Amino acid sequence: GEDVEQSLFLSVREGDSSVINCTYTDSSSTYLYWYKQEPGAGLQLLTYIFSNMDMKQDQRLTVLLNKKDKHLSLRIADTQTGDSAIYFCAEITYSGAGSYQLTFGKGTKLSVIP
Amino acid sequence: DVKVTQSSRYLVKRTGEKVFLECVQDMDHENMFWYRQDPGLGLRLIYFSYDVKMKEKGDIPEGYSVSREKKERFSLILESASTNQTSMYLCASSFNRGYIQYFGAGTRLSVL
């Protein structure tokens, strides 16, 4: 079955860049996503990338997609303490009869050291 | 802004009780989803629905059922709660067959 892998923890100093990596397995995924979860809250969609793109930039966020290696990364520039959260990578997979579902990684907990 | 509202943030129930978790969305989305989130396991899909009165099993449906009588409301039912159902439950909704899912704040359920 499909699987999405990401490291569980990342620690960076405030002001540095953070890079969170993810590998996925479904080569037919048309969209890949990054969600953010702050403590005690639900998931917030940060950004997503269509599979025919290599890169997407949105303010401090840069998403890189390597389709050949099935590797997705999220770079956060000038990381702030407010960026401390769990970041989930997700891919969309076709579950049959015209329906789709998201498969999530286990999440990377980003800790920002002041 | 899309709003997905889960009726309770925290819930404590006893083993064997019937538990209802409610989710309401205000964007006329066709699709609604229930996930559970456990440390080290990430999010796992329990059930989803693409239309009123329609439901499909996700990856871990055992011990759960769902109800979708109205488009805006999707209920998760634990017929007889067990301690291994202690978890964070997240509801999501989407348009476009699930391409972009919007999440509620979650319900943290403890079964004693």
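Up top is the structure these notes are about.
Residues numbered from 1 in each chain as written. Chains lettered and ligands numbered in written order. Predicted model: local features only at pLDDT ≥ 70, side-chain atom pairs only at ≥ 80, totals over all residues. Heavy atoms only, no water.

Participant: When you look at the overall build of chain B in this model, what are you seeing that I'm missing?
Facilitator: The secondary structure content of chain B amounts to zero helices and 11 strands. Along chain B, helices and strands appear, N-terminal first, in the series β-β-β-β-β-β-β-β-β-β-β. Its C-alpha atoms give chain B a radius of gyration of 13 Å, near enough to 13 Å, the size a compact globule of 112 residues would have. For the C-alpha atoms alone, the extent of chain B along its principal axes is close to 40 × 25 × 25 Å. Here chain B, with 112 residues, has 49% of them falling under the buried criterion. Pairs at least 24 apart in sequence give 55% of the contacts found in chain B among residues at least 6 apart. Separation of charge centres in chain B, based on 16 positive and 14 negative side chains, amounts to 5 Å. (Helix = DSSP H or I, 4+ residues; strand = E, 2+ residues; numbered from the N terminus. Rg over C-alpha atoms; globule rule 2.2 N^0.38 Å. Buried < 20%, exposed > 50% of the residue type's maximum accessible area, 1.4 Å probe, protein only. Contact = heavy atoms within 4.5 Å. Lys, Arg positive; Asp, Glu negative; His and termini not counted. Charge placed at Lys NZ, Arg CZ, Asp CG, Glu CD.)

Participant: Even after reading the chapter, I still don't get the pairing of strand S8 (residues 73–78) of chain B, so can you show me in this structure?
Facilitator: Every regular strand shows the same layout, with side chains that alternate between the two sheet faces. Residue and element names in this part refer to chain B. Across the six residues that make up S8, a large majority, five, are buried. One ladder, built from six bridges, connects strand S3 (residues 19–25) with S8; its direction is antiparallel. Paired with Glu22 across the strands is Ser75, a residue of S8. Both strand S7 (residues 65–70) and S8 contribute to a ladder of four bridges, which runs antiparallel. Looking at the pairing, Ser67 lines up with Ser75 of S8. In sequence, S7 turns back onto S8 through a hairpin of two residues. (Pairing = 2+ DSSP bridges.)

Participant: Is there a simple way to explain the interface of chain B and chain A in this structure?
Facilitator: Interface size is commonly expressed as the accessible area that is lost once the parts come together. Taken together, the contacts link 23 residues of chain B with 22 residues of chain A. Between chain B and chain A the total buried area reaches about 1,800 Å² when both faces are included, carbon and sulfur atoms providing 57% of it. Viewed at the interface, chain A and chain B are joined by zero salt bridges. Summed over the shared surface of chain B and chain A, the result is four residue pairs in polar contact (both at pLDDT 80 or more). Put simply, the parts of the chain that give the side of chain B that touches chain A at least two residues each are strand S4 (31–38), strand S5 (42–49) and strand S9 (87–94) of chain B. Looking at the side of chain B that touches chain A, its residues break down into 13 nonpolar, six polar and four charged. (Buried area = accessible area lost by both parts, 1.4 Å probe. Salt bridge = Lys/Arg side-chain N within 4 Å of Asp/Glu carboxyl O. Polar contact = N/O pair within 3.5 Å; in protein donor to acceptor, adjacent residues only side chain to side chain. Nonpolar A, V, L, I, M, F, W, Y, C, P; charged D, E, K, R; others polar.)

Participant: Would you explain the pattern of salt bridges in this entry?
Facilitator: One side chain can pair with another of opposite charge once the charged atoms of both are near each other. Residue and element names in this part refer to chain B. All chains considered together, the criterion is met by nine salt bridges over all chains. Between Asp38 and Arg36 there is a salt bridge whose closest N-O contact spans 2.9 Å. The partner of Asp38 in a salt bridge is Arg44, and the shortest N-O contact between them spans 2.9 Å. If you follow the salt bridges from partner to partner, you end up with Arg36, Asp38 and Arg44 in one network.

The quantities given are spatial measurements derived from coordinates; they are silent on function.
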